[in-house]
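Here is what each chain is made of, one letter per residue.
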Amino acid sequence: IDFKTTMASVEFPSIFLNASGVNCMTVAEMDEMINAACTGGVVTKSATPQQREGNPQPRYYQLEHGSINSMGLPNAGFPYYLDYVTREHAKPTILSVAGLQMSDNIELLHKIQASEYTGLTELNLSCPNVIGKPQVAYDFEETDALLAEIFSFYTKPLGVKLPPYFDLVHFDQMAAILNKYPLTHINTVNSVGNGLWIDIDTEKVVIKPKQGFGGLGGAMILPTALANVRAFRQRLNPSIKIIGTGGVTSGKDVFMHLLCGADMVSVGTALLHEGVGIFQRLTDELATIMAEKGYTSIEDFRGKVQDF
Ligand code: RRO
């Protein structure tokens, strides 16, 4: 079975990507994603203008059915990631960027526009963990104004990383905004922001930053991720592709993301726990499900989830 896919004229050898933040902080980690079997390419850690250490440790904790993190955007700085994606690689790259304020986002995109890089960029509008900074994409007016300003000068392929939404009206409102702009894709969902977990022996929260509040990932967020993929696929222009992110641990989960309309699928928490070998396993499991159902191509079922 052929799992090649094209997004914004970029040809990916497989539908699988890392979720930004996992296995993509350093050149060695990004190379490992590119060189691993069955990956489509690599998404960089979200880059800020300057290098950052991030929040105090411990800032990641594995839960029974997922994870909680408040990393706080540790990254090697925008020039490091721009340099990486501008070099030749065996598979495509997606440059993830995250301004700490609106002026940063504009400045980063001006730099990409002026650079040699012609590949995909993804603007992270949904980091839940920078102390004192709300998730941009929960402010609809601000998101609209930011995209209007960006597309007044930006002509390269650009997508956005979105936080999960939980109300159908919010899907309507955000899709109406996104449909005004020539976005290549959305990536949905970022972690479910500001969850909390407690160790009952110590009676303490399990991560240090933000009094224990952090973004949830992994199996526990799969239903939220599927809902966001489907809701946006039903509302967005067909030209805006969807990277489905959230809760993937098996080929079944990938199959559900694709049924909801995902064009590509990315893996965060499960990649962190299992390593890049997970992409071969997911590919084999997906191929088995497809063979059982008589599907020979993803197009046979993509976006074709049926109502009850
Ligand atoms: O670095 C982080 O704390 C982080 C980011 Br930028 C993000 O977008 N999502 C997340 O769960 N953690």
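Being a predicted model, the structure only gives us computed values, none of them experimental.

## Comments concerning the overall build of the protein
Next, step 1: From N to C terminus, the protein includes nine helices and 16 strands.
Next, step 2: Rg of the C-alpha trace for the protein: 18 Å, near the compact-globule value of 19 Å for 308 residues, within the 12% margin.
Next, step 3: Principal axes of the C-alpha set define a box for the protein whose edges measure 55 × 50 × 40 Å.
Next, step 4: Counting the 308 residues in the protein, one finds 56% classified as buried.
Next, step 5: Taking as baseline every contact in the protein between residues at least 6 positions apart, the subset at least 24 positions apart corresponds to 74%.
Next, step 6: When the accessible surface of the protein is split by element, carbon and sulfur atoms take 53% of a total near 13,200 Å².
Next, step 7: With 23 positive and 32 negative side-chain charges, the protein shows a spacing of 1 Å between the two charge centroids.

## Some words on the sheet that holds strand 14 (residues 214-217)
Next, step 1: Ordered in space as 5-6-14-11, the four strands form an open sheet in which the pairing is antiparallel. Since the sheet does not close on itself, it has two edges, and those belong to strand 5 (60-63) and strand 11 (192-195), each with one partner. Mean inter-strand twist for the sheet, computed between neighbouring axes without regard to direction, equals 30°.
Next, step 2: Both strand 6 (residues 66-69) and strand 14 contribute to a ladder of three bridges, which runs antiparallel. Each residue of the ladder has a partner; that of Ser67, found in strand 14, is Gly217.

## Quick word on helix 9 (residues 278-293)
The α-helix winds at 3.6 residues per turn, so residues separated by three or four positions along the chain end up facing the same way.
Next, step 1: Look at helix 9: 23 Å from first C-alpha to last across 16 residues, which is about the 22 Å you get at 1.5 Å a residue.
Next, step 2: Burial in helix 9 covers these residues: Ile278, Phe279, Leu282, Thr283, Leu286, Ile289 and Met290. Down the axis of helix 9, the sector holding all buried residues measures 130°, keeping them to one side. Exposed positions of helix 9 whose direction lies more than 90 degrees from the buried face are Ala291 and Glu292.
Next, step 3: Each element contacted by the buried residues of helix 9 is listed here: strand 3 (16-18), helix 1 (27-35), helix 7 (251-260), strand 16 (264-267) and helix 8 (269-274).

## Describing the packing of helix 6 (residues 222-235) against helix 7
Next, step 1: Where helix 6 contacts helix 7, the two axes come as close as 8 Å, and the packing angle between them is 25°. When the axes of helix 6 and helix 7 are compared, the pair comes out roughly parallel. Across the interface between the two elements, Leu222, Ala225, Leu226, Val229, Arg230 and Arg233 from helix 6 touch Asp253, Met256, His257 and Cys260 from helix 7.
Next, step 2: Across the contact of helix 6 with helix 7, the residue classes tally to six nonpolar, one polar and three charged.

## With respect to the nonpolar core
Considering soluble globular proteins, one finds that nonpolar side chains tend to be buried as a cluster.
Next, step 1: Ile150, Leu178 and Phe232 are the most contacted members of the largest nonpolar core, which has 74 residues in total.
Next, step 2: Residue contributions to this core peak at six residues, all from helix 9.
Next, step 3: Setting aside anything within four residues of it in sequence, one finds Ile150 in contact with Ile106, Leu109, Leu123 and Leu158.

## Topic: the side chain of Thr93
Next, step 1: With respect to the element layout, Thr93 can be found in strand 7 (residues 93-97).
Next, step 2: Note on Thr93: relative accessible area 9%, which makes it buried.
Next, step 3: Ignoring any residue separated from it by four or fewer positions in sequence, one finds Thr93 in contact with Ile34, Val42, Tyr84, Val85, Tyr117 and Leu120.

## Remarks on the site of the ligand
Next, step 1: Around the ligand, the neighbouring residues are Lys45, Asn69, Met71, Gly72, Leu73, Pro74, Asn124, Cys127, Pro128, Asn129, Asn190 and Ser191.
Next, step 2: One nitrogen or oxygen atom from the side chain of Asn129 is found 2.9 Å from an oxygen atom belonging to the ligand.
Next, step 3: Protein burial of the ligand: of its 320 Å² of free accessible surface, 91% is covered by the chains.
Next, step 4: Split by residue class, the shell around the ligand holds five nonpolar, six polar and one charged.

## Focus on the packing of helix 5 (residues 168-178) against helix 6
Next, step 1: Between helix 5 and helix 6, whose axes approach to 9 Å, the crossing angle comes to 50°. Of the possible angle classes, the one that applies to helix 5 and helix 6 is oblique. At the point where helix 5 passes helix 6, the crossing takes the right-handed sense. On helix 6, the residues touching Leu168, Phe171, Asp172, Met174, Ala175 and Leu178 of helix 5 are Ala227, Asn228, Ala231, Phe232 and Arg235.
Next, step 2: Considering only residue class, the contact of helix 5 with helix 6 consists of eight nonpolar, one polar and two charged.

## A closer look at a nonpolar patch on the surface
Next, step 1: Residues Leu196, Ile198, Ile200, Val205 and Phe213 make up a contiguous nonpolar surface patch of about 450 Å² in total accessible area.
Next, step 2: Positionally, Val205 belongs in strand 13 (residues 204-205).

About the cut-offs
Residues numbered from 1 in each chain as written. Predicted model: local features only at pLDDT ≥ 70, side-chain atom pairs only at ≥ 80, totals over all residues. Heavy atoms only, no water. Helix = DSSP H or I, 4+ residues; strand = E, 2+ residues; numbered from the N terminus. Rg over C-alpha atoms; globule rule 2.2 N^0.38 Å. Buried < 20%, exposed > 50% of the residue type's maximum accessible area, 1.4 Å probe, protein only. Contact = heavy atoms within 4.5 Å. Areas by Shrake-Rupley, 256 points an atom, 1.4 Å probe, with all protein chains shown as cover. Lys, Arg positive; Asp, Glu negative; His and termini not counted. Charge placed at Lys NZ, Arg CZ, Asp CG, Glu CD. Pairing = 2+ DSSP bridges. Axes fitted to C-alpha atoms, helices over the stretch in contact; angles between N-to-C directions. Expected span 1.5 Å × (residues − 1). Arc of directions from axis to C-beta. Parallel < 35°, antiparallel > 145°, perpendicular 65-115°, else oblique. Nonpolar A, V, L, I, M, F, W, Y, C, P; charged D, E, K, R; others polar. Core = buried A, V, L, I, M, F, W, Y, C linked by side-chain atoms within 4.5 Å. Near = heavy atom within 4 Å. Polar contact = N/O pair within 3.5 Å; in protein donor to acceptor, adjacent residues only side chain to side chain. Left-handed = near helix turned anticlockwise from the far one by under 90°. Patch = residues over 30% accessible without salt bridge, like charges linked within 9 Å, V, L, I, M, F, W, Y side chains within 5 Å. Salt bridge = Lys/Arg side-chain N within 4 Å of Asp/Glu carboxyl O.

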